[in-house]
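# Summary of the model geometry
One letter stands for each residue in the lines below.
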Amino acid sequence: AVQLAATFEPDLALIDVAMPGMNGIDATAQIRVVSTGTRVIALSMYADDHYLRRMLDAGAQGYVLKNEATVDLIQAIRTVLAGAVFLSPAIAAGTRTAPLRRAEADQALLTKRERDVLRLLALGRRTKEIGAELGISAKTVETYRSRVMLKLGIDNLAGLVRFAIRAGILPTDS
C-alpha cells in the first residue's frame, strides 16, 4: 500500500488497522509521508479509543468500523474527500460497545521484531539476553517492549505472557 501510494499518489486510501506484515497504523503514517495529498480512511473491527487515537495520530482522516462499513463507507469517503474528518457514528456518539478483540488481529499490529521480543520476554529472558540473541542493545529491547505494550494496551509482563499464549506466539507447553 505504501509503495502504491508513493507511485500513484491516490486521493484516498482505505487501510485496515490490523494487516499482516506492516500494520495499518504504520502504513498510514508512511503513506502520509510518501504521498502527502493522499487522505486515509481506517477500516477497523476495533471500537476502542486506543486504535482510534493511534490511527488519527498517524494521519488518518476517517475511521469506519467494519460492522458499520456497509452503511457508513460511502459517507466516510465523501466526507474525507471534502476535507473533513469522519468517524463512524457509534464512535462519534460514544455509544459503542467494543467488539471482542482477537489475539490474532492484535498480533497483526506487531512487527516481526516486536513479536520476536515479545516471544523472548514471555519465555522469561532478561533484557540483556534478548539483546544478545537478537543482536540489538538492551535499550532497543526496552523500546520494543514499550511499543508492544502500547500497541496491545497491556501494562505488565504477566499480561504480555497471557497475550503471547493466546496469540500462539508462545506455545502453552513452553
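Attention in this report is confined to the structure presented alongside it. Keep in mind that what you see is a predicted model, and the values were worked out from it rather than measured. Starting from 1, residues in each chain are numbered consecutively following that chain's sequence as written. pLDDT decides what is reported in this predicted model: residues at 70 or higher carry local features, side-chain atom pairs at 80 or more are listed and counted, and totals for whole chains, interfaces and linings draw on all residues regardless. Only heavy atoms go into the side-chain values, all of them from the structure, while hydrogens and water stay out.

### Quick notes on the overall build of the protein
A run of H or I in DSSP counts as a helix once it spans at least four residues, and a run of E counts as a strand once it spans at least two, with each numbered from the N terminus. What the protein contains, in helices and strands, is 10 helices and four strands. In sequence order, the secondary structure elements of the protein are arranged as α-β-α-β-α-β-α-β-α-α-α-α-α-α. Here the protein, with 174 residues, has 44% of them falling under the buried criterion. It only takes one pair of heavy atoms within 4.5 Å for two residues to be counted as in contact. Counted over contacts in the protein with a minimum sequence separation of 6, partners at least 24 positions apart contribute 62%. Residue burial is assigned from relative accessible area. The probe radius is 1.4 Å, only protein chains are included, and a residue is buried under 20% of its type maximum, exposed over 50%, and partly exposed in between.

### A short note on helix α9 (residues 138-152)
One less than the number of residues in a helix, times 1.5 Å, gives the span that helix is expected to have. Here α9 spans 21 Å end to end across 15 residues, near enough to the 21 Å set by a 1.5 Å rise per residue. Of the positions making up α9, those classed as buried are Val141, Tyr144, Val148, Met149, Lys151 and Leu152. Buried residues in α9, looked at end-on, bunch into an arc of 165 degrees, giving them a common side. Directions are taken from the helix axis to each C-beta atom, and the arc is the one they span.

### Quick word on the packing of helix α7 (residues 112-122) against helix α10 (residues 157-166)
To get an axis, fit a line to the C-alpha atoms, keeping to the stretch in contact for a helix; angles then go from 0 to 180 degrees between the N-to-C directions. Put simply, α7 and α10 touch, their axes get as near as 9 Å, and they point 110 degrees apart. The orientation of α7 with respect to α10, classified from their angle, is roughly perpendicular. By crossing handedness, the relation of α7 to α10 is classed as left-handed. Residues Leu118, Leu121 and Ala122 of α7 form the contact with α10, whose own contacting residues are Leu157, Leu160, Val161, Phe163 and Ala164. Just so you know how the angles are binned, under 35 degrees is roughly parallel, over 145 roughly antiparallel, 65 to 115 roughly perpendicular, and the rest oblique. Should the near helix be turned anticlockwise from the far one by less than a right angle, the crossing is left-handed, and should it be turned clockwise, the crossing is right-handed.

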